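Here is what each chain is made of, one letter per residue.
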Amino acid sequence: MDYDSLLKELYGLERFGIKLGLETITELLGHMGNPQHRFKTVHVTGTNGKGSTCAFIASVLRKAGYRVGLYTSPHLIRFNERIQVDGREIADADVARIYQEMQPAIAKTSGGSKVRQPTFFEVTTAMAFHYFAEREIDIGVVEVGMGGRMDATNVIRPLVAVLTRIGLEHTEHLGKTEDRIAREKSGIIKPGCRVVTVDQPTASLITAQAHALGCPVTVVGQDLQYERVGFDRSGQRLRITDGGSLELTIPLLGSYQPENAAIAFAAVRGLSQMGLTIPEKAIVAGFKETSWPGRMQIVRTCPTVIVDGTHNAPGVPTLATSLKELFPGEKAVFVLGILDDKDLGAFADALGPLVSRLVIAKPETPRAYPPDAIAKAFEAHVKDPSIVPKVSEAVDRGIALAGRDGLVVVTGSIYTAGEALAHLQGPQG
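Residues numbered from 1 in each chain as written. Predicted model: local features only at pLDDT ≥ 70, side-chain atom pairs only at ≥ 80, totals over all residues. Heavy atoms only, no water.

A.B. asks: Would you mind going over the overall build of the protein with me for this structure?
C.D. replies: Along its length, the protein carries 15 helices and 17 strands. Across its three principal axes, the protein shows a C-alpha extent of roughly 55 × 55 × 40 Å. Scored against the burial criterion, the 429 residues of the protein give a buried share of 57%. Long-range pairs, those at least 24 residues apart, make up 71% of the contacts in the protein with a sequence separation of at least 6. Surface summary for the protein: the accessible area is close to 17,200 Å², and the carbon and sulfur share equals 49%. (Helix = DSSP H or I, 4+ residues; strand = E, 2+ residues; numbered from the N terminus. Buried < 20%, exposed > 50% of the residue type's maximum accessible area, 1.4 Å probe, protein only. Contact = heavy atoms within 4.5 Å. Areas by Shrake-Rupley, 256 points an atom, 1.4 Å probe, with all protein chains shown as cover.)

A.B. asks: Looking at this model, I keep getting lost on the sheet that holds strand 16 (residues 386–387). Mind explaining?
C.D. replies: Strands in a sheet are paired, the pairing made by backbone hydrogen bonds, and the direction either parallel or antiparallel. Sheet architecture is open: six strands sit in the order 12-13-17-14-15-16, paired in mixed fashion. Edge positions in the sheet fall to strand 12 (297–300) and strand 16, since each has one partner strand and no second. Sheet strands touched by helix 14 (residues 391–402): strand 12, strand 13 (304–307), strand 14 (332–336), strand 15 (355–360), strand 16 and strand 17 (407–411). Its angle to strand 14, the strand with the most contacts, is close to 170 degrees. (Pairing = 2+ DSSP bridges. Axes fitted to C-alpha atoms, helices over the stretch in contact; angles between N-to-C directions.)

A.B. asks: Help me understand the pattern of salt bridges in this model?
C.D. replies: Oppositely charged side chains may form a pair once their charged atoms are brought near each other. Taken as a whole and assessed by the stated rule, the structure comprises 21 salt bridges. A salt bridge links arginine 78 to glutamate 89; the shortest N-O distance between them is 3.4 Å. Placement of arginine 78 in the loop between strand 2 (68–71) and strand 3 (83–85) and of glutamate 89 in strand 4 (residues 88–89) is noted, with a sequence separation of eleven residues between them. We classify glutamate 89 as partly exposed; its relative accessible area is 34%. Salt-bridge contacts for lysine 342 lead to aspartate 341; the nearest nitrogen and oxygen are separated by 3.8 Å. Linked through salt bridges whose partners overlap, the residues forming this network are Asp94, Arg97, Glu101 and Glu134. (Salt bridge = Lys/Arg side-chain N within 4 Å of Asp/Glu carboxyl O.)

A.B. asks: Just checking my understanding: could you explain the packing of helix 2 (residues 23–31) against helix 4 (residues 92–110) for this structure?
C.D. replies: Helices that pack against each other are described as a pair by the angle of their axes relative to one another and the distance between those axes. It is at 9 Å that the axes of helix 2 and helix 4 come closest, and there the two elements cross at 135 degrees. Between helix 2 and helix 4, the angle falls in the class oblique. The handedness of the crossing between helix 2 and helix 4 is right-handed. Taken together, the residues of helix 4 that come into contact with helix 2 (itself represented by Thr24, Glu27, Leu28 and His31) are Met102, Ala105, Ile106, Lys108 and Thr109. Grouping the amino acids of the contact of helix 2 with helix 4 by side-chain chemistry returns four nonpolar, three polar and two charged. (Parallel < 35°, antiparallel > 145°, perpendicular 65-115°, else oblique. Left-handed = near helix turned anticlockwise from the far one by under 90°. Nonpolar A, V, L, I, M, F, W, Y, C, P; charged D, E, K, R; others polar.)

A.B. asks: Hey, could you run me through the pairing of strand 10 (residues 235–241) in this one?
C.D. replies: The pairing of strand 9 (residues 225–232) with strand 10 spans seven bridges and is classified as antiparallel. Each bridged residue has a counterpart across the sheet, and for glycine 230 the counterpart in strand 10 is arginine 237. Two strands pair when backbone bridges link them, and strand 10 and strand 11 (residues 245–250) are joined in this way by six bridges, in the antiparallel orientation. Paired with glutamine 236 across the two strands is isoleucine 250, which belongs to strand 11. Two successive antiparallel strands, strand 10 and strand 11, enclose a turn made up of three residues, where glycine 243 displays a positive phi of approximately 105 degrees.

A.B. asks: Help me understand the nonpolar core, please; the structure alone is not making it clear to me.
C.D. replies: Soluble, globular proteins show a tendency: their nonpolar side chains are buried together. Counting residues in hydrophobic clusters, the biggest one holds 43 residues, and the most contacted among them are Ile57, Leu61, Ile139, Leu271, Ile278, Ile283 and Phe287. When residues of this core are assigned to their parent elements, the largest contribution, nine residues, is made by helix 9 (residues 257–273). Look past the residues within four positions of isoleucine 139 in its chain and what remains in contact with it is Lys40, Thr41, Val42, Leu61, Tyr66, Arg67, Val68, Gly69, Leu159, Leu271 and Leu276. By size, the runner-up hydrophobic cluster in this structure holds 37 residues, among which are Leu10, Leu13, Leu28 and Ile90. (Core = buried A, V, L, I, M, F, W, Y, C linked by side-chain atoms within 4.5 Å.)

Below you can see the structure in the form of structure tokens.
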């Protein structure tokens, strides 16, 4: 089977949908020899900032000399982005080989029943853990797919459990209130680990769960302070105080990234307290060299083109704030493609005042909003939106509308960001 056919078969598992629960993944991994027990882990959940926080932590650990696995989702351009060791994506040949090797375990798990058939995310998670064990990593940085308690990744026993800022998302699966969602996400906390979260309305609930399991907690904004001391279009500087004081430079843009960096710093400190040796120079270098594409990423200039994967109501106001900071007084040509489980009103309220022209696309997923629905949501702000369904063509239209000195912002979903990056950066090797 060639690689494209294999990926098509793997993606075909998405027809089994989202099945929250640990029974299937536990059995599947059991048939594979439980690779998840062969390395240490950090587990990261939250509503926004999970991926960036994982990227910061993994970068620091690599600079400290550890062999580091990174498992995140979804990907932007290539499936392989989801599974990385020491900053390198899993090779096509390894995806193909491991998927074939997993077939007996998948068959035993399903027993011929569609109910027991592992889902796309369960298979991908098991593949990542197998690959990490095979490559003999020292530590894996693992991002939760959805929620926490019943997420397929929640078969690990982390040294540090990280909960970034929590908002309303996936309410049909996780609950209708932030407290309910926080309880679900707190399910990644295990006895014996350290816990990191941020000062937020649900912090007391998270802290109570941690204390019930005997876990020490660091709350960023209470136990550890951070201050953003400078930013421009090339990066940001922040000062972190937790007894001592350390100044860090991060290349990731956006008003929200200093908080993510501070959470990652607290997680790194937690790992030190759990016995890992992480010199201060590794922390400084790791933050400075973190890469996490598709988040307030300036892809080109003349015109300036920003690609950003903001995709939910809690994240949109922070995107708007970041744009106002970096481009004060400027309006932008927005290229938007949004998924149909998101709050269009939140997008329109936050971004509408910043729009000069609007180009509406439909990313290649059946979950995308029809362009007409997005146009209607923005009608109070934009009278003549352009509808160009293919993301790549919509990006080209946006660039043409902006002119050489203009600003183009491509956002609305990870799918939209990924298709835009693939178009703007050319074929990926």
